Amino acid sequence: MKKDNVTTWTFLLAALCLLTLPAQALAGEVYKIGLSLAITGPTSDAGNPYAKGVEDYFKYVNDTKMLGDDTIDCMIRDDQYKNDVTKRNFEDFLDQGIVFYLNYSTGSTLALKKDFEEERMPVLPASFHAGNLVDSHYIFLPIASYSAQMIGLTEYVVKHNKGGKPKVAMFIHPSAFGRGPVEDVQKAVAAGLDVEIVEVVEHGKDLDNTAMLKRLSEKGVQYVLCHTVQSPVATMLKDASSLGLVATSFGEEGKITFLGAHYTGGNDLVALAGDSAENFYWTTSYIVTSEPGEGTDMQLALAQRYNRDEKAANSHNYANGMMVAQVVTEIIKRAKSKGKEINKETLYEELLDMNGANAFSPKTTVGDVTFSESDHQGVDTLQLYVVKNGTFASEGSPFTPEYTSKIQ
Amino acid sequence: MSYFFQLVVSGIVVGSIYALSALGFVLIYKSSRVLNIAHGQIIAAGAFITYALTVWMGIPIYLSFAMSMVITFFLAMSVERIFLRRLIGEPIISVIMVTIGLMSILDGLIYLTPFGTENFSFPPYLPTTPITVGGVSISWTQLVGVIITFTMIAGFSWFFKKSTIGISMRAVSDDQMASMAIGISVPKVFGLAWAMAGLSAAAAGGIIGNITGLNFDTLHAFGIVVFPVVILGGLDSIQGAVVGGIIMGLIQQFASGYLDGNWGLNGTGEVMPYIILLVILLFKPHGLFGIHEIERV
């Protein structure tokens, strides 16, 4: 009796295995991707919507079966902007067999550069620091570098300044992120960009910027180029407004025109600085939701689909996260269509092949994403925006800074 | 000359806000000899409560500001009751370690809310046109901040000098055993000290948040930024917090106004307060107004 039972159970189990085998085959592959970023801690105001953008887009890919039966499993971990935690996260992701890695800060990207080389792991960071690409084969910047952004702003100043050589100051974050583009702007000036850099100011946790603004004003500074996060820029704009120093039109005489790179702008800046943000000039490669189009419609629909609030939905850093997820999905699609196995090597090849006729248009940016052996900067074009009546409006057409190629 | 006076005005504005932020440290230290490392988190909590009451519940901002001070008063009192009451009589280092743990707990709790990662700003409620006299400007936000700061500092000074409870608190600070012997409830004094520190932290948070916007990272950093103020003024002196705060504010503004950008210097406004602090401590190790206790054996 006992022997009969064992035999029956063995047959049943064997039948069950046979039945589930086709189902397992049909379930498709799972591609693991890792993202380590600051969801809490410093700069989490940018990291939080960025993480939501990545998460939502990969959910969308899986839910709409964009990759057929295959799915993406994106593991998102908070590193609190701490390099040691980022390294630990990255190592854990490696143990779990990731095929692609998304990183965040400038500091950790620079710190882990050697690890990426050793592991031959393709990486898209949220940091657009040009220095990430030095001595690196596997790091790719999603959009124009901070250097390109700051040089682009400086070129705009030179082109539109009335009178002689414009005097500018740079207002930067006291970190590797902030200092990143300073040397490249100085190189551009040495290469002939006709502007005088009066001062480079590294801000602290300032409650009041009066002394700094007065000093810059006394030195005849007409333009302040900001490369930091929104909060210190907002405090400075409010102080400048209180001192009556904010230009009401570009280059207004006796006043200061404020301009900023990607992480200084967006809706949060307007919310924090209020009316003082009027006439703030900002550049990024992303299209903002105040300038509706196909990409922003897609962004808002995605945010709505996954119940994100208005703030996240309209954040340019949500678009930022969404865009890197779009690029990763695209290279997986391309590798699959060529019948390749999906691994870090094939995805790296696909990134390098993303140029010419193979350029990728994510619609969330003002230009196509192109990568090659010699070009690791995705979107080369930038768009200038200016705050008018509390929203960012396009100023002119997308442009590519001239001096970035002259300083290489 | 207006440049000089502008720096003086800005220095006083910044310094008085430092003083208010430092007041929480002083109040707790004055009565219990404990440094509360989690003070920055309480400052941030006060600012966020004001915002939540104003924007989410639609309460007028002046009322929200007062309500947040009351809420933070009881919040800080509860913190003392739950976490610190049991540590009365234990080594000071144990209590300080608890406040470090408390800092982590409060960080974690705030990160669970939208305030942990997003930027917010109070709705505008003051005129945006600054007050300008003789080329020297001050914004309404700063002016209101200074008025609130000085009112509160005056109130606390009176409380400690004239009221019975204030005098009891000073007595506990001086000698816990002797205070108990004459019938003062030491646990109650500790609870009240924490509650008053919470109240002043909420006021500081509201004022700082109004100036910089509500960003958790910025707000809780003020718990550390004001450390040199407390050390300079003397850990147990309200008057010291005021003088120390204003000295720090002025040094920052003058360093930034006259040193930065010259002779290749930059960021001196951040460094100079610490240099001056070290120099002063060489001559006055207990700070400008700190009590130098002499123990006779």
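How each quantity is defined
- Residues numbered from 1 in each chain as written.
- Chains lettered and ligands numbered in written order.
- Predicted model: local features only at pLDDT ≥ 70, side-chain atom pairs only at ≥ 80, totals over all residues.
- Heavy atoms only, no water.
- Helix = DSSP H or I, 4+ residues; strand = E, 2+ residues; numbered from the N terminus.
- Rg over C-alpha atoms; globule rule 2.2 N^0.38 Å.
- Buried < 20%, exposed > 50% of the residue type's maximum accessible area, 1.4 Å probe, protein only.
- Contact = heavy atoms within 4.5 Å.
- Areas by Shrake-Rupley, 256 points an atom, 1.4 Å probe, with all protein chains shown as cover.
- Pairing = 2+ DSSP bridges.
- Axes fitted to C-alpha atoms, helices over the stretch in contact; angles between N-to-C directions.
- Right-handed = clockwise from strand over helix to strand, strands pointing away.
- Buried area = accessible area lost by both parts, 1.4 Å probe.
- Salt bridge = Lys/Arg side-chain N within 4 Å of Asp/Glu carboxyl O.
- Parallel < 35°, antiparallel > 145°, perpendicular 65-115°, else oblique.
- Left-handed = near helix turned anticlockwise from the far one by under 90°.
- Nonpolar A, V, L, I, M, F, W, Y, C, P; charged D, E, K, R; others polar.

Time to look at the overall build of chain A. The secondary structure content of chain A amounts to 16 helices and 13 strands. Relative to the 2.2 N^0.38 estimate, which gives 22 Å for 408 residues, the radius of gyration of chain A is 24 Å and therefore close to what a compact globule would have. When the backbone C-alpha atoms are referred to their principal axes, chain A occupies close to 100 × 40 × 40 Å. The buried share of chain A, taken over its 408 residues, is 57%. Partitioning the intrachain contacts of chain A with sequence separation of at least 6 by distance along the chain shows that 65% fall at a separation of at least 24. A total accessible area of about 16,000 Å² is found for chain A, and carbon and sulfur atoms account for 51% of it.

A separate point is the environment of Gly40 of chain B. Relative to the helices and strands, Gly40 of chain B is located in helix H2 (residues 39–56). Gly40 of chain B has contacts with Leu219, His220 and Gly223 of chain B, leaving out every residue within four places of it along the chain.

Our focus in this paragraph is the sheet that holds strand S6 (residues 167–172) of chain A. Residues and elements named next belong to chain A. The sheet built from seven strands is open, its strands ordered S7-S6-S8-S9-S10-S12-S13 with mixed pairing. The open sheet terminates on both sides in strands that have one partner only, identified here as strand S7 (196–202) and strand S13 (391–394). Taken pair by pair, the neighbouring strands of this sheet meet at an average axis angle of 25 degrees, ignoring direction. Lying over the sheet, helix H9 (residues 210–218) contacts S6, S7, strand S8 (223–227) and strand S9 (257–260), oriented at roughly 175 degrees with respect to S7.

Before going further, it helps to examine the pairing of strand S2 (residues 71–78) of chain A. Residue and element names in this part refer to chain A. One ladder, built from eight bridges, connects strand S1 (residues 30–37) with S2; its direction is parallel. From the neighbouring strand, Ser36 faces S2, where its bridge partner is Arg77. Chirality of the crossover, the property in question, places the unit of S1, helix H2 (residues 44–63) and S2 among those that are right-handed.

The next point concerns the interface of chain B and chain A. Listed as interface residues are 40 residues of chain B and, on the opposing side, 36 residues of chain A. Contact between chain B and chain A buries roughly 3,000 Å² in total, counting both sides, with carbon and sulfur atoms accounting for 49%. When the buried area of chain B at its contact with chain A is split by residue, Tyr3, Thr117 and Asn119 of chain B rank highest and sum to 20% of it. Viewed at the interface, chain A and chain B are joined by one salt bridge.

A few words on the pairing of S8 of chain A. The element S8 of chain A is extensively covered by neighbouring structure, given that five of its five residues are classed as buried. Here S8 of chain A shows a buried face lined by Tyr223, Leu225 and His227 of chain A and a second buried face lined by Val224 and Cys226 of chain A.

Turning next to the sheet that holds S1 of chain A. Residues and elements named next belong to chain A. Strands sit in the order S2-S1-S3-S4 across an open sheet of four strands; the sheet is parallel. The open sheet has two free edges, formed respectively by S2 and strand S4 (123–125), since each of these has just one partner strand. Neighbour-to-neighbour, the strand axes of the sheet open up by a mean angle of 20 degrees, direction not taken into account. Helix H3 (residues 83–95) rests against S1, S2 and strand S3 (100–103) of the sheet, and its axis sits at about 155 degrees to S2.

Residues and elements named next belong to chain B. At a closest axis distance of 6 Å, the pairing of H2 and helix H9 (residues 216–225) adopts a crossing angle of 135 degrees. The orientation of H2 relative to H9 falls into the category oblique. When the axes of H2 and H9 are compared, the crossing they make is right-handed. For the pair H2 and H9, the contacting residues are Gly40, Gln41, Ile43, Ala44, Ala47 and Phe48 in the first and Phe216, Leu219, His220, Phe222 and Gly223 in the second. Taken together, the residues of the contact of H2 with H9 break down into seven nonpolar, four polar and no charged.

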